[in-house]
Amino acid sequence: MMQVSKVKRPGRKAFTLLLLALVFTFLPGCGLFGGEKGEIGTDKQPQVQQPVTKFTGAKSRAISYVYTTKRELALTFNGMADRGTMTKLLDELDRYRIKATFFLPGMRVAEEPDIAQDIKSRGHEIENNTLNGLDLSKLTYDQMYKEIRLANQVIEKETGAAPRYVRTKTGTYNDDIRLAAAHNGQSAVISYSLFLHNWNQETELQKKQYIRKYINRGGIITLDIEENKQLEENISLIAAAAKDVGYTFVPLSNLVAEGSERKPLEEIAGYDAAKPNADYHQVPYNLIYRKETPRKEIALSFDDWGTDYTITHILDILDKYQIKASFFLRADGVEKNPNLARAIAEAGHDVGNHTYSHPVLDTQTAEQLQNEVVKAHQVITEAIQQKPAMIFRPPTGEINEAEARMISAAGYHTIADFDVDPNDWNRSRTADQIVKTITEQTRSGSIILLHMLDDLHTIEALPEAIEKLKGKGYTFVRVSDLLNP
């Protein structure tokens, strides 16, 4: 019997280097070892490459979320796993009809181009995760440039997709990375609004609440395919959370194209309407709890901050009943999610000031309190890209004369408290109890206090409360309209 000798196959790394050598041999102007096209295998000595000169043009944009009020966000992935894992992942995305964006390392594409081709054929985007999926911040500019360039070339050769964006392994970036990206023709360096890692003994409820927190308009959610061990479960959680709030996933390029640029704070009219002012002792103010009026007009107001899930549901209820209300925003929440604040303003509601961090006023010095008001004013102004309604709502509703003068001196002369308080912030209060208090306490000119915090019964109570008040002949106006008819 003829004995057949076994041929030893090269390992993955050796195979990849060999394959890349062949790939780069045929890429225009790119010899893997520094020579020009066609030099490998000739008698010519390879040329010594000179370090790449740092790009002097404009840097690529740095994007961690897209400024938009559209109910859209992007689901993105880093890396490329084995065929079995990738097939399950792609099948799960098909199941939920999600079109995602995959940032692929060029080396992995060279190793298994059929997987990359499958990603593209299923309607997903392919972008650049550097040649080796590295944290570029630890490299020289020359190395950064080549990591991006070679990955671009491999991806385009194997899939026909020309990457527009680049992302480092961790999503971090610096000015040199943005320059190297621009040098290679990338329009943006992409980070994320959420990098979802592996769960650590969280309950199902905790997982759902965590995901819900980051389902934001214009958000960019990221999972590392090789690091994340619960890909299918996470896609299910993410898809369910988006469905609950009524948001859809779109490819990253669509999200970026539909976004807009934010003007810097100093370019927005009214950005300086609030300023610290130590000379407050004799400053007049207007503190109102209810407007005396013969008209059956009332104002709904909402305090604090919450997730897109809660605030979008409130906006949808108000839109259904064609009601304009007043929102007093806690600005440290706005700072993390400016798109949602802008959505409130675009819907035609008052956007008022509820301090930056929601301190109890009598714990603040005059300087601290004015800084809270001014910082909140600036954060809100930049988020909504316009001057807010110059109305202040004190945290807890408690305020004395000295505090009112401090706030007025800082630029907020009108302080709107409330006369109807159903204590909806108390999670033990049922929807029926909230509705009952509202309908019993409301009079002409009333300002009704509600909250946009998560996991209250406010969303459940709001439609019934509106219908009962309408049934009594009341019409709804904003606080600004109530005070300035």
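Source: prediction; values computed, not measured.

**Student:** Kindly report on a negative patch on the surface, identifying the contributing residues and their values.
**Tutor:** Taken together, the side chains of Asp 432, Glu 460, Glu 464 and Glu 467 present a region of like negative charge at the surface. Looking at the negative patch element by element, the count peaks at 3 residues for helix α16 (residues 458-471). Take Glu 460: it is sitting in helix α16. Residue Glu 460 is classed as exposed on the basis of its relative accessible area of 54%.

**Student:** How would you explain the nonpolar core if you had to name every residue and give the values?
**Tutor:** If you look at the biggest cluster of nonpolar residues, it comprises 82 residues, and the most contacted ones within it are Phe 77, Phe 102 and Leu 300. The greatest single-element share of this core, amounting to 8 residues, is contributed by helix α8 (residues 231-245). Every residue in contact with Leu 300, bar those within four places of it in the chain, is listed here: Leu 318, Ile 323, Ala 325, Ser 326, Ile 448, Leu 450, Leu 462, Ile 466, Phe 476 and Val 477. Residues Leu 361, Met 390, Ile 399 and Ala 409 belong to the second largest nonpolar core, which totals 18 residues.

**Student:** Would you mind going over α16 in detail, with residue names and values included?
**Tutor:** Its 14 residues place the ends of α16 19 Å apart at the C-alpha level, agreeing with the 20 Å of an ideal helix rising 1.5 Å per residue. In this fold, the buried residues of α16 make contact with β11 (297-304), α10 (308-320), α15 (431-441), β16 (447-451) and β17 (475-476). Residue Gly 473 follows α16 closely and has a positive phi angle near 95°.

**Student:** How would you sum up unusual backbone geometry? Please name residues and give values.
**Tutor:** The phi dihedral of Thr 355 falls on the positive side, at around 75°, and the residue is not glycine. Mapped onto the elements of the fold, Thr 355 is located in the loop between β13 (350-353) and α13 (366-384). Positive phi, normally seen in glycine, also occurs at Thr 396, with a value near 70°. Structurally, Thr 396 is set in the loop between β14 (391-392) and α14 (401-409).

**Student:** Can you lay out the pattern of salt bridges for me, pointing to particular residues and giving the numbers?
**Tutor:** The full count for this structure, using the stated rule, is 29 salt bridges. A salt bridge links Asp 350 to Arg 478; the nearest nitrogen and oxygen atoms lie 4.0 Å apart. Within this pair, whereas Asp 350 is found in strand β13, its partner Arg 478 is found in the loop between β17 and α17 (479-483), the two being separated by 128 residues in sequence. Sharing partners across several salt bridges, the network here consists of Arg 83, Asp 91, Asp 94, Asp 114, Asp 118 and Arg 122.

**Student:** Can you explain the environment of Asp 94? Please cite residues and give values.
**Tutor:** Looking at the secondary structure, you find Asp 94 in helix α2 (residues 83-95). Judged by its relative accessible area of 35%, Asp 94 is partly exposed. Remark: the alpha-carbon pair of Asp 94 and Gly 123, spanning 29 residues in sequence, is separated by 9.6 Å. Apart from residues no more than four positions distant in its own chain, Asp 94 is found in contact with Lys 99, Arg 122 and His 124.

**Student:** Tell me about the pairing of strand β8 (residues 220-224), and name the residues and values.
**Tutor:** Among the 5 residues of β8, 5 are classified as buried, and the element is accordingly described as predominantly covered. Burial along β8 is two-sided: the face carrying Ile 220, Thr 222 and Asp 224 and the face carrying Ile 221 and Leu 223 are both buried. Relative to β8, strand β2 (residues 72-78) runs parallel, the two sharing 5 bridges. The residue bridging Phe 77 from the neighbouring strand is Leu 223, located in β8.

Cut-offs used in this document
Residues numbered from 1 in each chain as written. Predicted model: local features only at pLDDT ≥ 70, side-chain atom pairs only at ≥ 80, totals over all residues. Heavy atoms only, no water. Patch = residues over 30% accessible without salt bridge, like charges linked within 9 Å, V, L, I, M, F, W, Y side chains within 5 Å. Areas by Shrake-Rupley, 256 points an atom, 1.4 Å probe, with all protein chains shown as cover. Salt bridge = Lys/Arg side-chain N within 4 Å of Asp/Glu carboxyl O. Lys, Arg positive; Asp, Glu negative; His and termini not counted. Charge placed at Lys NZ, Arg CZ, Asp CG, Glu CD. Helix = DSSP H or I, 4+ residues; strand = E, 2+ residues; numbered from the N terminus. Buried < 20%, exposed > 50% of the residue type's maximum accessible area, 1.4 Å probe, protein only. Core = buried A, V, L, I, M, F, W, Y, C linked by side-chain atoms within 4.5 Å. Contact = heavy atoms within 4.5 Å. Expected span 1.5 Å × (residues − 1). Pairing = 2+ DSSP bridges.

Keep in mind these values describe shape, not function.
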